[in-house]
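Survey of secondary and tertiary structure
Residues per chain, in single letters:
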Amino acid sequence: MSNILLIEDEQAIRNVLKSILMDENPKWNVDEAENGAVGLEKIKEKEYDLIISDIKMPLKDGMEVLSEAMEYNPDLTIVMITGHGDVDLAVDAIKKGAYDFISKPPDLNKLLTTVRNALDRKSLISSNKELKKENKALKKKVAKKYEMIGDAPAIAEVKQIIDKVAATDARVLILGPNGTGKELVAHHLHEKSDRSVKPLVEVNCAAIPAELIESELFGHVKGSFTGAVKDKQGKFELANEGTIFLDEIGDMSLSAQAKVLRALQEGKVSPVGSEKEINVNVRVIAATNKDLRKEIEEGRFREDLYHRLAVIIINVPALNDRKDDIPALVEHFITDTTSQKSFDKSAYDALKELDWTGNIRELRNVVERLLILGGDPISGKDVEQFVKK
């Protein structure tokens, strides 16, 4: 059902237009207004998919209707009706936001074509609005997923650094033990940057075999090696204008490190098996749980690449260094489940006494275990019984 409003001071013309529209599609609901003032009242009372307004009318003419209606709702679709000699006004109306105009007396084909196209435009606008709502909801969901929980001094310092450097293109090296949430830092840096409208491409360097890491990062051409059955874009190219997150970069091969260094120096990558150079504009965020200074001394990591990456260094604290955040983290993990259980003070005290070598990742697993096996509320005795250290 499409709602259409006819604003026309001549009754006979309104009758003709309404009859044409109703005959074309009985599902079109056509309302009438005898002048611009009444038309504006109806526009504010009801949502219309299309407004057809005469230009020359008493009380308020069509140009006033157009101006006030577009101010009220810029997404309105308005078609103007012009009399003989009003074409210049109609062109001016289009400049001010009208979708189109039709002349008096209306040509049947022109009228119906204009109406159909106008309604299609309105449908497209509505679809885009819904898509924007979905995208906004998705972004909120993603933001919640990567929320940084806690106010301990060590994590507060991390948040402050993120706020200072996120808006820049400075390369960031994130250091910290496994399970501390280094990927959360990378996501926050990207989401708070001007590059957030472009992708954040993640690469787990430790999970990709050494012989495939260059193909994964820089792409390859068909036939460049066994199994290369077609051309493939690399992660750097996919992240163009956005951010690439090189997780566990300390596990990257020296040959791949050399190519990454060139990409950072020159802003270019070459797919495996190709002499072609591809320009890339990416922000690089890297992370590792290794001591890269020691890796450099032992010849496993390039010092020049280290200095390229470590423009800003963020040290993510171990959970043992921020135990006061355990209650907030536990509450966050509970909300991610369907459980209605809670933890009492003795449970929090017991959790704080433990040694968290697996950091936040280990805490999350423990919380899920306690929610399944523990009582309600979960107590310190539950922690002693079900958490073995």
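Quick notes on the rules
- Residues numbered from 1 in each chain as written.
- Predicted model: local features only at pLDDT ≥ 70, side-chain atom pairs only at ≥ 80, totals over all residues.
- Heavy atoms only, no water.
- Helix = DSSP H or I, 4+ residues; strand = E, 2+ residues; numbered from the N terminus.
- Rg over C-alpha atoms; globule rule 2.2 N^0.38 Å.
- Buried < 20%, exposed > 50% of the residue type's maximum accessible area, 1.4 Å probe, protein only.
- Contact = heavy atoms within 4.5 Å.
- Areas by Shrake-Rupley, 256 points an atom, 1.4 Å probe, with all protein chains shown as cover.
- Lys, Arg positive; Asp, Glu negative; His and termini not counted.
- Charge placed at Lys NZ, Arg CZ, Asp CG, Glu CD.
- Domains from an automatic or database assignment.
- Buried area = accessible area lost by both parts, 1.4 Å probe.
- Salt bridge = Lys/Arg side-chain N within 4 Å of Asp/Glu carboxyl O.
- Nonpolar A, V, L, I, M, F, W, Y, C, P; charged D, E, K, R; others polar.
- Axes fitted to C-alpha atoms, helices over the stretch in contact; angles between N-to-C directions.
- Parallel < 35°, antiparallel > 145°, perpendicular 65-115°, else oblique.
- Left-handed = near helix turned anticlockwise from the far one by under 90°.
- Pairing = 2+ DSSP bridges.
- Polar contact = N/O pair within 3.5 Å; in protein donor to acceptor, adjacent residues only side chain to side chain.

1. Here we look at the overall build of the protein chain
- Within the protein chain one finds 16 helices and twelve strands.
- Computed over its C-alpha atoms, the radius of gyration of the protein chain comes to 31 Å, more than 25% above the 21 Å expected for a compact globule of 389 residues.
- Each principal axis of the C-alpha atoms in the protein chain carries an extent, and together these give about 90 × 65 × 40 Å.
- When burial is assessed residue by residue, the protein chain has 46% of its 389 residues classed as buried.
- Partitioning the contacts of the protein chain with sequence separation of at least 6, the portion at a separation of at least 24 is 70%.
- Carbon and sulfur atoms make up 49% of the accessible area of the protein chain, which totals about 20300 Å².
- The distance from the centre of the 57 positive side-chain charges to the centre of the 67 negative ones in the protein chain is 3 Å.

2. A word on the domain arrangement of the protein chain
- Split into domains, the protein chain comes out as domain 1 (2–127), domain 2 (147–317) and domain 3 (320–386).
- Computed from C-alpha coordinates alone, the two centres of domain 2 and domain 3 are separated by 33 Å.
- Looking at the side of domain 2 facing domain 3, the largest losses of area belong to I149, G179 and P317, adding up to 51% of the total buried there.
- Counting the contacts that link domain 2 with domain 3 gives zero salt bridges.
- Of the residues belonging to the side of domain 2 that touches domain 3, the class tally is five nonpolar, four polar and two charged.

3. Describing the packing of helix α2 (residues 36–45) against helix α3 (residues 62–72)
- As a packed pair, α2 and α3 sit with axes 10 Å apart at the nearest point and diverge in direction by 15 degrees. If you check the angle between α2 and α3, you find them roughly parallel. As α2 packs across α3, the resulting crossing turns out to be right-handed. Of the residues in α3, those touching α2 at G36, L40, I43 and K44 are V65, E68, A69 and Y72.
- Counted by class, the contact of α2 with α3 contains five nonpolar, one polar and two charged residues.

4. Here we look at the sheet that holds strand β12 (residues 312–315)
- Taken in spatial order, the five strands make up an open sheet running β7-β8-β11-β6-β12, and their pairing is parallel. A strand with exactly one partner marks an edge of an open sheet, and here the two such strands are β7 (200–204) and β12. Within this sheet the neighbouring strands show an average axis-to-axis angle of 20 degrees, counted without direction.
- Here strand β8 (residues 243–247) runs beside strand β11 (residues 283–288); their pairing, made up of four bridges, is parallel. Counted as the bridge partner of I244 is V284 from β11.

5. A look at the side chain of R322
- Of note, R322 is situated in the loop between β12 and α13 (326–335).
- On the basis of relative accessibility, which here comes to 3%, the residue R322 falls in the buried class.
- Here I149 takes part through its backbone oxygen, which lies 2.5 Å from a polar atom of the side chain of R322.
- Apart from the residues lying within four places of it in its own chain, the contact partners of R322 are I149, G150, A152, I155, P317, L329 and I360.

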